[in-house]
Amino acid sequence: MDKVKEAAQKLKNGFLVAFPTETVYGLGADATNQESVARIFEVKNRPINHPLIVHLSSINQLPDWALEIPKYANELATEFWPGPMTLILKRNIIAKDFVTGGQETVGIRIPNHKIALSLLEEFRKIGSGAIAAPSANKFGKVSPTSFEHVKSEIGKDLSHDDLILDGGISLVGIESTIIDCTGSSPKALRPGAITDKMIEDVTGMQLSKQVSNIRVSGSFSSHYAPNAKVVLDIEPQQGDGFIALAEFETPVGVTRLISPKTVEEFAQELYSAFHIADQMKLQRIVVIPPHGDDLAFAIRDRLLKASNGK
Ligand code: TXA
Ligand code: MG
């Protein structure tokens, strides 16, 4: 049987399927199956009140999951889905507490990845067609951007009946932009490849600067962190790992982890550089963060969290 069909059947039978997306790999379960969703939290060691993103394959599933969708949210969905964007909307009754962490909102995303989309479509033919999935890493750790990362991070915690789909390297490389769509204007909760400017251009609205009381796990001060200590903007010393744009030279005695030529490549390769550093058991990674807005801003957000503000 074709792997994707087999994976859809696994979801239907209540098992977990880790799958590739363009941002990072997700650890998926049927979003309507409480026991399956509970296993995601076990495998990840994730605190139970943390909401999960529900992945869908088509905008026409949106009304099943969300209520009172504002016009600007529909505009964003039409423009950027499938894509690296999650919308937080008022939940419909199918979105239970075990997915939303007891909140009255639900996070929804249509990923832009061939395998993810065909998995979702196959699962729609035989089941709910909705996959609840956080990033497929241990809580607080680095998100996986390849099959190998998923396997080394959570492989031993999966059961014989769970499955990991291989879809190569995640092209975006950092998690989706999260936008709170419960107010009169959109509010950015987690920066990503869909930038503030793109959101403002499409909606014709200014982003809300109001402080929201919505919980976002990426907003914990230490997150996305490798075992090695991440330090920003210092001169690397002998034995350090080093991450910087290609234009920066590698000092003698330092292990160059990646040399991205562009900000896009920086995002794409960052987490795999963290994984390599941990495999090499490096103690410390020195990073020169990229300057600028947009994707560079999202990268700096992840670097700050990985360095715990250091
Ligand atoms: O790119 C991504 O978003 C990846 C791929 C797999 O789709 N997923 C991902 O999931 O990064 P996770 O669980 O690692 O991060 C999702 C974030 C969490 O911080 C969670 O708190 C937030 O989304 N979230 C989900 N539902 C929410 C809700 N109803 N209200 C507020 N935040 C929510
Ligand atoms: Mg995560």
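Residues numbered from 1 in each chain as written. Chains lettered and ligands numbered in written order. Predicted model: local features only at pLDDT ≥ 70, side-chain atom pairs only at ≥ 80, totals over all residues. Heavy atoms only, no water.

Could you clarify how one ought to interpret the overall build of the protein chain in this entry?
Counting its regular elements, the protein chain contains 10 helices and 14 strands. For the protein chain, whose C-alpha radius of gyration is 19 Å, the value lies close to the compact-globule estimate of 19 Å for 310 residues. Taken along its principal axes, the extent of the C-alpha atoms in the protein chain is 60 × 50 × 30 Å. Here the protein chain holds 310 residues, and the buried ones make up 57% of them. Taking the intrachain contacts of the protein chain between residues at least 6 apart in sequence as the baseline, contacts between residues at least 24 apart amount to 66%. Entry remark: accessible area of the protein chain is about 13600 Å², with carbon and sulfur atoms responsible for 51%. Between the mean site of the 33 positive side-chain charges and the mean site of the 37 negative ones, the protein chain shows a separation of 4 Å. (Helix = DSSP H or I, 4+ residues; strand = E, 2+ residues; numbered from the N terminus. Rg over C-alpha atoms; globule rule 2.2 N^0.38 Å. Buried < 20%, exposed > 50% of the residue type's maximum accessible area, 1.4 Å probe, protein only. Contact = heavy atoms within 4.5 Å. Areas by Shrake-Rupley, 256 points an atom, 1.4 Å probe, with all protein chains shown as cover. Lys, Arg positive; Asp, Glu negative; His and termini not counted. Charge placed at Lys NZ, Arg CZ, Asp CG, Glu CD.)

Mind showing me how you'd approach the packing of aromatic side chains here?
Given two aromatic rings, their pairing is described by the distance between the two centres and the angle made by the two planes. Throughout the structure, instances matching the rule amount to 2 aromatic pairs. Seen from their ring centres, Tyr224 and Tyr271 are 6.5 Å apart, and the 10 degrees between their planes marks the pair as stacked. Within this pair, whereas Tyr224 is found in the loop between α8 (196–203) and β11 (229–232), its partner Tyr271 is found in helix α9 (residues 263–279), the two being separated by 47 residues in sequence. For the pair Tyr224 and Tyr271, a shared accessibility class is recorded, and that class is buried. Every member of this aromatic cluster is reached through a ring pair, and the members are Tyr224, Tyr271 and Phe274. When the ring centre of Phe15 is taken as origin, the NZ or CZ atom of Lys10, which lies over that ring, is 5.8 Å away. Directly above the aromatic system of Tyr224 lies the positively charged group of Arg302, at a separation of 5.4 Å from the ring centroid. (Phe/Tyr/Trp six-rings, centres within 6.5 Å; stacked < 30°, edge-to-face > 60°. Lys NZ or Arg CZ within 6 Å of the ring centre and 35° of its normal.)

I tried to follow the domain arrangement of the protein chain on my own but got confused; where do I start?
Often, the extent of an interface is quoted as the loss of accessible area upon association of its parts. Split into domains, the protein chain comes out as domain 1 (3–203) and domain 2 (229–306). Contacts between the two partners involve 18 residues from domain 1, matched on the other side by 13 residues from domain 2. Approximately 1400 Å² of surface area, both sides summed, lies buried where domain 1 meets domain 2, with 64% of it carried by carbon and sulfur atoms. Summed over the three residues of domain 1 that lose the most area to domain 2, namely Val142, Ile174 and Pro191, the buried surface amounts to 39% of that side. The tally of links from domain 1 across to domain 2 stands at 1 salt bridge. Between Arg302 and Glu175 there is a salt bridge; the shortest N-O distance is 2.8 Å. Applying the counting criterion to the domain 1 and domain 2 interface returns 6 residue pairs in polar contact (both at pLDDT 80 or more). (Domains from an automatic or database assignment. Buried area = accessible area lost by both parts, 1.4 Å probe. Salt bridge = Lys/Arg side-chain N within 4 Å of Asp/Glu carboxyl O. Polar contact = N/O pair within 3.5 Å; in protein donor to acceptor, adjacent residues only side chain to side chain.)

Sorry if this is basic, but what is going on with the nonpolar core here?
Soluble globular proteins: nonpolar side chains tend toward being buried together. Formed by 45 residues in total, the largest nonpolar core has its most connected members in Leu27, Val54, Trp65, Leu87 and Ile108. Broken down by secondary-structure element, the contributors of at least two residues to this core are β2 (26–30), α2 (34–44), α3 (62–65), α4 (71–80), β5 (85–91), α5 (97–100), β6 (105–109) and α7 (147–154). Among the elements that line this core, the one with the most residues is α4, at 5 residues. Setting aside anything within four residues of it in sequence, one finds Val54 in contact with Ala31, Trp65, Val99, Val106, Gly107, Ile108, Arg109, Ala130, Ile131 and Ala132. Residues Val24, Ile174, Ala267 and Leu282 belong to the second largest nonpolar core, which totals 27 residues. (Core = buried A, V, L, I, M, F, W, Y, C linked by side-chain atoms within 4.5 Å.)

What am I meant to see in the environment of Glu269 here?
Here Glu269 lies in helix α9. For Glu269, the contacting residues outside a window of four places in its chain are Ile258, Ser259 and Pro260.

What is the right way to read the sheet that holds strand β14 (residues 284–287) from this model?
Sheets are built from strands paired through backbone hydrogen bonds, the pairs being either parallel or antiparallel. One open sheet holds the 4 strands; their spatial order is β11-β14-β12-β13, and the pairing between them is parallel. A strand with exactly one partner marks an edge of an open sheet, and here the two such strands are β11 and β13 (255–258). Adjacent strand axes in the sheet meet at a mean angle of 30 degrees, parallel and antiparallel pairs treated alike. Bridge analysis of strand β12 (residues 241–243) against β14 gives 3 bridges, and the strand direction is parallel. (Pairing = 2+ DSSP bridges. Axes fitted to C-alpha atoms, helices over the stretch in contact; angles between N-to-C directions.)

In this structure, what is going on with α2? I would like to understand it.
Residue pairs three or four apart in sequence face the same way in an α-helix, which turns once every 3.6 residues. Residues of α2 that are buried: Ser36, Val37, Ile40, Phe41, Val43 and Lys44. End-on, the buried residues of α2 take up no more than an arc of 170 degrees, which puts them together on one face. Away from its buried face by more than 90 degrees, α2 exposes Glu35 and Glu42. Lining the buried residues of α2 we find β2, α5, β7 (131–132) and α7. Immediately downstream of α2, the backbone of Asn45 shows phi near 60 degrees, a positive value. (Arc of directions from axis to C-beta.)

Help me out: how do you make sense of the packing of α4 against α8 in this one?
The geometry of a pair of packed helices is captured by two quantities: the angle between their axes and the separation between those axes. Their axes nearest at 9 Å, the elements α4 and α8 cross at an angle of 115 degrees. Handedness of the α4/α8 crossing: right-handed. Counted together, Tyr72, Glu75, Leu76, Glu79 and Phe80 of α4 and Met198, Ile199, Val202 and Thr203 of α8 form the full contact between these two elements. In terms of residue class, the contact of α4 with α8 is built from 6 nonpolar, 1 polar and 2 charged. (Left-handed = near helix turned anticlockwise from the far one by under 90°. Nonpolar A, V, L, I, M, F, W, Y, C, P; charged D, E, K, R; others polar.)

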